[in-house]
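Coordinate analysis (summary)
Chain by chain, the residues:
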Amino acid sequence: MSPKGYFCDICGSKKKKKELRPSSVDLNQRLCFSCEYEEKKGVDKENIHQQLSQGNSTFTSTFQPLDMITSPTNSQGSETQECTSSNLQVPFPRPIFSHKKCMVCGRFDTRHRLCSETRLRIFLQTGIMVPEGSRCCSKHLSGGVLINDEANKISIIENSTVSFKEMKTLLFQLRDMHNTNIQMGLNFDNPNTMTDKDYKRLTGLSKEQFNDLIEHIQDVRNTKHRSINTCVGLLLTKLRTGLSLSVLSTLFCMEKQYVSKAIATARNSLMRNFVDNNLGVGHINRDEVIKKHTTDLSKQLCNAGENSCILIADGTYMYIQKSSNYKFQRRCYSTHKGRPLVKPMMLVSSTGYIIDVIGPFYADGKNNDANIMAAILKANANCLFSWLKPNDIFIVDRGFRDCLGLLEELGFIYKMPHFLSKGQQHSMEEANESRLITKMRWVVEAVNGLIKTWRALDHVFPNSQIPFIGDYVRIVCALCNRYRPARVKSHDDDLLVANRMLTLAKMSNPLQKKAIENNWSQKTANWVNINSVEIDFPQLTVDELRGITIGIYQLKQAKSYTVEHVDGDGMYELFFF
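Parameters at a glance
Residues numbered from 1 in each chain as written. Predicted model: local features only at pLDDT ≥ 70, side-chain atom pairs only at ≥ 80, totals over all residues. Heavy atoms only, no water. Helix = DSSP H or I, 4+ residues; strand = E, 2+ residues; numbered from the N terminus. Buried < 20%, exposed > 50% of the residue type's maximum accessible area, 1.4 Å probe, protein only. Contact = heavy atoms within 4.5 Å. Areas by Shrake-Rupley, 256 points an atom, 1.4 Å probe, with all protein chains shown as cover. Pairing = 2+ DSSP bridges. Arc of directions from axis to C-beta. Core = buried A, V, L, I, M, F, W, Y, C linked by side-chain atoms within 4.5 Å.

**Some details on the overall build of the protein chain**
Tallying secondary structure elements over the protein chain gives 20 helices and 19 strands in all. Scored against the burial criterion, the 577 residues of the protein chain give a buried share of 40%. Counting contacts in the protein chain only where the partners sit at least 6 residues apart, residues at least 24 apart contribute 63% of the total. Roughly 34000 Å² of accessible area belongs to the protein chain as shown, and the carbon and sulfur atoms make up 51% of that amount.

**As for the pairing of strand E11 (residues 310-315)**
Judged by how many residues are buried, E11 sits mostly within the fold: six of six residues are covered. In E11, alternate side chains face the same way, and those of Ile310, Ile312 and Asp314 on one face and Leu311, Ala313 and Gly315 on the other are all buried. For E11 and strand E16 (residues 393-395), the ladder comprises three bridges, and the chain directions are parallel. Its bridge partner being in E16, Ile312 is matched across the sheet by Ile395. Across four bridges, the pairing between E11 and strand E14 (residues 339-348) is antiparallel. What sits directly across from Asp314, in E14, is Met346.

**Overview of helix H18 (residues 510-517)**
Of all eight residues in H18, zero are buried, a share of ten percent or less. Where H18 ends, the next residue or the one after it, Asn519, has phi of about 55°, a positive value.

**A short note on helix H4 (residues 196-203)**
At 3.6 residues per turn, the α-helix brings residues three or four places apart onto the same side. Looking only at H4, the buried set comprises Tyr199, Leu202 and Thr203. The buried residues of H4 occupy an angular sector of 80° when the element is viewed end-on, so they sit on one face. Turned more than 90 degrees away from the buried face of H4 sit Lys197 and Arg201, all of them exposed. At its buried positions, H4 is contacted by helix H5 (207-214) and helix H6 (228-241). Gly204 lies just past H4 and shows a positive phi near 80°.

**As for the nonpolar core**
Counting residues in each nonpolar core, the largest one holds 72 residues, and the members touching the most others are Leu213 and Ile354. Counting residues per element, this core draws most heavily on helix H16 (residues 469-483), which supplies ten residues. Ignoring anything within four residues of it in the chain, the contact list for Leu213 reads Leu205, Val232, Leu236, Leu270, Phe274, Leu479 and Tyr483.

Here's what the structure looks like:
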């Protein structure tokens, strides 16, 4: 008994002390008037059953619960008539029943009464039988099931007492759910129907990450055609796999029109509630980028100041269908790629964290990378120019060469690989400086490859989806920022590696001097094959190899280079000049 009131041990309803009576079956139980009356009815039926079993009746004496006593089928084969009571004790826990407060947190101001479908899902999820009329705050539920460990917060009674009608309803619901699940296809509402690997293959997120994403879009309401989980699952499956709406309609057992509406609903909700909190210069300040998303290696190679922010800019391609609008078709045709496309501009940090995505832009000659960057800075697109400060560093490729003057006028510092003059080779200094810049700039190419793992961004967009390309790219980038690790991580030896690279870049090239002195460029090379007897090649450890190659990229390529020197017999061929 609770010090604030008394509860019936059968139905759990709160009663006054004088309204409770001892049970005729168990004196330790206290029952309300209704449960006492139903119990007496059950006892009477049990006595009748025992009397019939002791006589000459064809009804055999077997043990059955009180609610399941039935009369046998008559000789004409008519259906069995049910003789039921309202009480059946089952070994499943139930919460302390109250129709006035939340069963999880006990709040009295909640107005969310659990429907039969939600109560069934909670039973399947936790094994707790929730009485009809129970209430629960919406913050404890997601997709009709309890969130995370909310079930552990429920005050429960070990055994449940249900009526025959409730048990019959439960069994019919389980049967209907089973028949529905056979035909419903992919189901994101019930987390038990798919494994964590299924979630990653379909959406690119784990089950835990998917549930975290759902919490950001509670403004979407459930309808009879789809739930919040289904909307987000459809959108992410569309982006991750690149499947058409017709195929998604088959996989999710939904009409094509409802699939299209669900994807649009999820897209708009994510743009309102999720993207702005995980992407764009408005969601992160400069100090956080400098401290958390800038590597010591890039700071040392760029000789950046303490308050200088390093940004790596590059445009990526999103291919589209050929449009019947000739003007739009001309603006989107890229002479470089020879096909229609649009170009979002990516701005990432030296760790691969995506600062912002601007665009997409047309792909004609008027919108090369340099013109796009100049337009972004002049128009203060997405408030980027207001976010930047003088002496910030831009790392770009050669496509930005026409906007370098503008960057200098605005007080920014730029780093760009050197151009190769026609008919000439890079000098030693130019080649080394280009390598230092490539060492920092490759991360933006890695990010472009990462977002293309969402296959919808790598496939050709149909004309109907062209207006939403920018939304799709921003959603994927926001997902990468929140749920994917950094592409480059800082290491304790970054400063040592950077200083060694700077030192090597300033050293002279003795091999070049020897080639000039011996006039090797004018002589025919006479390569001689050698074997292991003639040369004693040193055995190097992995750390020694990384010290020589300054990283692991060259080590990954070593296998491919080695295959070139393997002859048909599997022997390694080594030549010297």
